[in-house]
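Breakdown of the fold
If you want the building blocks of each chain, they are given just below.
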Amino acid sequence: MTREEVYAKLNKVFQDQFDDESIQVSDKTTSADIEDWDSLEHIDLIVNIEKTFGMKFTMAETTGMKNVGEMVDIILQRTAR
Amino acid sequence: MQELEYPFDAEQILQKKKSLRRRLLADTSVKRIPKKIAVLGGSTTNDILKILELFLLNYGIEPTFYQSEYAQYWQDVMFDNEELVSFKPDLIFIHTTSRNIHDFPTVRDSEEAVRGKLDAVYQPFEQMWDKIAAVYHCPVIQNNFEQPFCRLMGNRDVFDVHGRLSFVNALNEKFYAYARSHGNFFINDINYLASCYGLERWSDPFYWHMYKYQPAVPAIPELAYNIANIIKSIYGKNRKALVLDLDNTLWGGVVGDDGPENIEIGQETSTAQLYSEFQGYLKAHKDLGVLLAVDSKNDEANALAGLNRPDSVLKPEDFLVIRANWEPKDRNLVEIAREINIGTDALVFVDDNPAERHIVRSQVPEAAVPEIGTPEQYIIRLDRSGFFEVTNFSEDDLKRNDMYRANVERARQQAGFADYHEYLLSLDMKAQIRPFAPMYMSRIAQLTNKSNQFNLTTLRCTQAQIEEYAASPDYITLYGKLEDRFGDNGVVSVVFGHIDPDQPEAFHIDLWLMSCRVLKRGMEYAMMDTLAAECRKRGITRIFGYYYPTAKNKMVKDFYGQQGYRKESEDGQGNTVWSLDLSDGYTNRNSVICVNS
């Protein structure tokens with residue numbers, strides 16, 4: 001999967017999660033950029049991303065991610081064969 | 001909404017919860033009952049509320065929530081959290097789990113020390129429940145404890161008193177004992193749910209340590225669905241009847257093509273055994289008061305031949321109505337509801353054929369049409385759907401099928417009389433009409449939550465409220481029990497009202513309902529006679545009656561008019577107020593039922 005393909009899928013997850021079709025995320029996006037993205041929504045977001053990409057984040061990764069870019073890095077690592 | 005019916009896609013619900021909520025709320029054709037629900041959690045409950053809201057909206061209940069601060073379930077109750085007190089919950093759900101047990105036994109503890117620890121964990125719960133009963137008088141739903149996700153001693157953990165499994169099982173037993181001896185208290189069996197779901201996934205430590213969620217977030221829809229089923233049952237929104245297809249639903253094969261001797265039922269083949277188990281499961285519903293009917297595309301003779309096989313568990317007499325013909329199934333379904341005299345929204349339609357399910361779903365959307373899967377899944381699909389979740393079980397439930405059957409016989413008898421009055425007299429009706437009595441409280445509460453059609457104000461009451469009214473000197477309460485030559489109908493009518501606090505000679509009827517199974521029997525007149533007599537005993541000279549229209553109670557729009565009341569007022573919504581003057585006496589209207597003899 002390319003970084004672009006990951007983003008295409010990821011945008012759909014974000015749009016569903018926040019019920020807002022205008023959302024487009026990028027490497028620099030953080031929770032501060034999306035109004036409803038609080039710590040509780042974050043949990044569901046992680047669950048949805050894990051389901052979409054068929055992978056799981058470790059606890060260390062979940063707590064360590066700084067922005068969407070780092071999240072995409074992990075997804076790419078994990079889904080690469 | 002299909003997305004919220006069992007078997008649902010839990011991940012999809014979590015992902016799309018916002019748009020699902022938007023769609024549910026956009027459907028304004030359903031009138032939902034508002035309920036205030038307090039969720040007192042021992043762990044994070046945010047998503048539980050969000051998903052529970054979806055299931056409740058889908059069941060016609062519009063919740064407003066109070067949520068305790070993280071793990072403040074006990075403190076909120078015991079120290080009278082002001083916000084909770086002023087919220088005045090209609091229902092309290094206590095979400096605690098094995099994660100909330102802080103002092104498990106160790107192998108160093110003596111047996112006595114283990115017992116001490118058991119009490120130390122249990123007592124605060126009982127304290128809290130008693131306090132809720134005293135302060136809030138509302139139903140309580142309490143989780144039991146799921147099995148711990150690890151076993152220090154391996155298999156020994158379950159029987160050695162020092163084991164965590166043993167400890168949790170002993171605690172659960174104490175919870176159940178409380179549930180058995182207290183009404184209005186219901187166990188949410190997460191222990192069972194967790195085992196169905198898979199304990200390791202249910203208790204995934206990731207979600208606890210990351211977010212203090214127990215169970216794991218992906219399991220929340222299962223949990224919320226289970227809670228919603230209990231709540232909808234408490235508020236009288238259970239289904240009432242199973243309407244069943246025959247070929248490949250109750251037996252393997254097509255009786256019209258294969259012949260009754262060749263369909264698969266009985267113990268001869270594995271498929272036959274599978275269908276026999278399913279028939280046995282369905283038949284057991286009769287004792288819970290669930291009504292059974294057949295809706296099948298068949299010649300009636302063939303349908304009966306199938307059911308009359310000696311090894312068929314279900315027999316023709318187990319069904320109130322058998323509709324085996326070539327009419328569309330949705331039309332038969334509506335006819336069945338009419339004949340049994342229940343709403344189509346009380347039906348569960350069970351059919352192996354997806355095309356038939358589709359027709360019924362589109363033509364009778366208020367009926368439940370479960371995706372029952374393949375024959376080996378039938379029982380689990382029906383069972384987990386929770387259509388008939390039993391929160392209160394009364395003697396009447398045991399007898400319900402007989403009572404409905406007696407109705408069918410009465411209808412037949414009626415055909416032989418030219419004069420209706422003569423027919424009523426021939427029924428030898430005897431009624432007991434008395435103030436609410438302890439042995440009927442649960443049935444009375446159940447009726448206030450179930451009756452929709454012959455119900456003037458549709459006031460829903462909990463058993464606690466019913467008991468309160470019964471004990472109050474300012475209230476007159478009456479239940480009516482009706483027996484006739486075909487059998488005992490049980491408690492069929494409930495009436496209560498209160499004396500005007502400012503005018504002791506005026507009385508207001510808060511609730512008047514009657515079960516439709518005794519429609520047109522004159523029972524309402526016998527009830528009114530008794531109410532008038534009770535009022536006159538107290539020096540009351542004027543009775544006020546109220547009619548509040550709903551989608552279902554049109555049949556009693558002019559009820560008070562027929563009882564000789566005068567209409568006082570009517571507002572824009574069709575709410576009417578009526579009154580009856582007792583100052584010149586009262587003439588009894590009932591002449592067919594023998595009351596309190």
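Residues numbered from 1 in each chain as written. Chains lettered and ligands numbered in written order. Predicted model: local features only at pLDDT ≥ 70, side-chain atom pairs only at ≥ 80, totals over all residues.

What follows concerns the overall build of chain B. Secondary structure assignment for chain B yields 23 helices and 17 strands. Expected size for 597 residues packed as a compact globule is a radius of gyration near 25 Å; at 26 Å, chain B falls within 12% of this value. On the principal axes, the C-alpha backbone points of chain B span a range of 80 × 70 × 50 Å. Buried positions account for 43% of the 597 residues belonging to chain B. Taking as baseline every contact in chain B between residues at least 6 positions apart, the subset at least 24 positions apart corresponds to 71%. (Helix = DSSP H or I, 4+ residues; strand = E, 2+ residues; numbered from the N terminus. Rg over C-alpha atoms; globule rule 2.2 N^0.38 Å. Buried ≥ 20, exposed ≤ 12 C-beta atoms within 10 Å, placed from the backbone. Contact = placed C-beta atoms within 7 Å.)

Counting its secondary structure elements, chain A contains four helices and zero strands. Listing the helices and strands of chain A from first to last along the sequence gives α-α-α-α. By the compact-globule yardstick of 12 Å for 81 residues, chain A fits well, its C-alpha radius of gyration being 12 Å. Each principal axis of the C-alpha atoms in chain A carries an extent, and together these give about 35 × 25 × 20 Å. In chain A, which comprises 81 residues, the share counted as buried stands at 20%.

The subject of this paragraph is the sheet that holds strand β11 (residues 475-484) of chain B. Backbone hydrogen bonds hold the strands of a sheet together, and the pairing may be parallel or antiparallel. All names here are of chain B. Pairing is mixed in the open sheet, where eight strands are placed in the order β15-β16-β14-β13-β12-β11-β10-β17. With one partner strand each, in any of the chains shown, β15 (566-570) and β17 (594-595) form the two edges of the open sheet. Bridge analysis of strand β10 (residues 430-434) against β11 gives five bridges, and the strand direction is antiparallel. In the strand pairing of β11, K430 is matched with E483. Where helix α20 (residues 441-450) meets the sheet, its contacts fall on β11, β12 (487-499) and β13 (506-514), and the angle it forms with β12 comes to roughly 80 degrees. (Pairing = 2+ DSSP bridges. Axes fitted to C-alpha atoms, helices over the stretch in contact; angles between N-to-C directions.)

Quick look at the pairing of β13(B) now. Residues and elements named next belong to chain B. For β12 and β13, the ladder comprises seven bridges, and the chain directions are antiparallel. Paired with H498 across the strands is H508, a residue of β13. Handedness of the β13-helix α22 (residues 523-537)-strand β14 (residues 542-547) crossover: right-handed. (Right-handed = clockwise from strand over helix to strand, strands pointing away.)

It is worth spelling out the sheet that holds strand β1 (residues 33-41) of chain B at this point. Residue and element names in this part refer to chain B. Taking strand neighbours across the sheet as the criterion, the five strands line up as β2-β1-β3-β4-β5 in an open arrangement whose pairing is parallel. Of all the strands in the sheet, the pair left with one neighbour each is β2 (61-67) and β5 (185-188). Here the strands of the sheet are splayed against their neighbours by 25 degrees on average, with no regard to which way each runs. Here three bridges tie strand β3 (residues 91-95) to strand β4 (residues 140-143), and the two strands are oriented parallel to one another. Along β4, the bridge assignment pairs F93 with I141. Taken strand by strand, helix α3 (residues 46-58) contacts β1, β2 and β3, and its axis lies near 160 degrees from that of β2. Against the sheet, helix α7 (residues 164-181) touches β4 and β5, its axis set at about 145 degrees to β5.

Residue and element names in this part refer to chain B. Ranked by internal contacts, the top residues of the largest apolar core, which has 61 residues, are F55, I92, A224, I227, A228 and I231. Of the residues forming this core, the biggest block, nine residues, is contributed by helix α11 (residues 220-234). The contact partners of A224, leaving out residues within four places of it in the chain, are I48, I51, L52 and F55. (Core = buried A, V, L, I, M, F, W, Y, C linked by C-beta atoms within 7 Å.)

Let us look at the confidence of the model for chain A. Residues with a pLDDT of 70 or more make up 99% of chain A, whose mean pLDDT is 90. Looking over chain A, one finds the lowest element-wise mean pLDDT in helix α3 (residues 59-64) of chain A, namely 85, and the highest in helix α1 (residues 3-18) of chain A, namely 94. (pLDDT = per-residue confidence, 0-100.)

Another aspect to go through is helix α4 (residues 68-79) of chain A. For α4(A), built from twelve residues, the straight-helix expectation of 16 Å at 1.5 Å per residue is met to within 8% by its first-to-last C-alpha distance of 16 Å. As for α4(A), its buried residues are in contact with α1 and α2 (39-53) of chain A. (Expected span 1.5 Å × (residues − 1).)

With 16 residues of chain B at the interface, the matching set in chain A holds eleven residues. Elements with a contribution of two residues or more to the side of chain B that touches chain A: α1 (10-15), α2 (17-26), α3 and α10 (205-211) of chain B. When residues of the side of chain B that touches chain A are assigned to their parent elements, the largest contribution, four residues, is made by α10(B). Among the residues forming the side of chain B that touches chain A, the class breakdown is seven nonpolar, four polar and five charged. (Nonpolar A, V, L, I, M, F, W, Y, C, P; charged D, E, K, R; others polar.)

In this structure, P7(B) follows Y6(B) across a cis peptide bond, with omega equal to -5 degrees. Relative to the helices and strands, P7(B) is located in the segment before α1.

So, on to the domain arrangement of chain B. Residues and elements named next belong to chain B. Taken domain by domain, chain B comprises domain 1 (2-234), domain 2 (241-385) and domain 3 (418-595). Summarising the inter-unit geometry, the C-alpha centres of domain 1 and domain 3 are found 39 Å apart. Across the contact, six residues belong to domain 1 and six residues belong to domain 3. Class assignment for the residues of the side of domain 1 that touches domain 3 results in two nonpolar, three polar and one charged. (Domains from an automatic or database assignment.)

Time to look at the packing of α1(A) against α2(A). Residue and element names in this part refer to chain A. Contact geometry of α1 with α2 gives a least axis separation of 10 Å together with a crossing angle of 140 degrees. If you check the angle between α1 and α2, you find them oblique. When you trace α1 past α2, the crossing you get is right-handed. Mapping the contact onto sequence places K9, V13 and Q17 in α1 and E41, D44, L45, N48, I49 and T52 in α2. (Parallel < 35°, antiparallel > 145°, perpendicular 65-115°, else oblique. Left-handed = near helix turned anticlockwise from the far one by under 90°.)

Residue and element names in this part refer to chain B. Of all seven residues making up strand β7 (residues 291-297), six are buried, and the element is well covered by its neighbours. Inspection of the sheet shows strand β6 (residues 241-244) paired to β7 by four bridges, in the parallel sense. Along β7, the bridge assignment pairs V243 with A293. Taken together, the five bridges between β7 and strand β8 (residues 321-325) define a ladder with parallel strand orientation.

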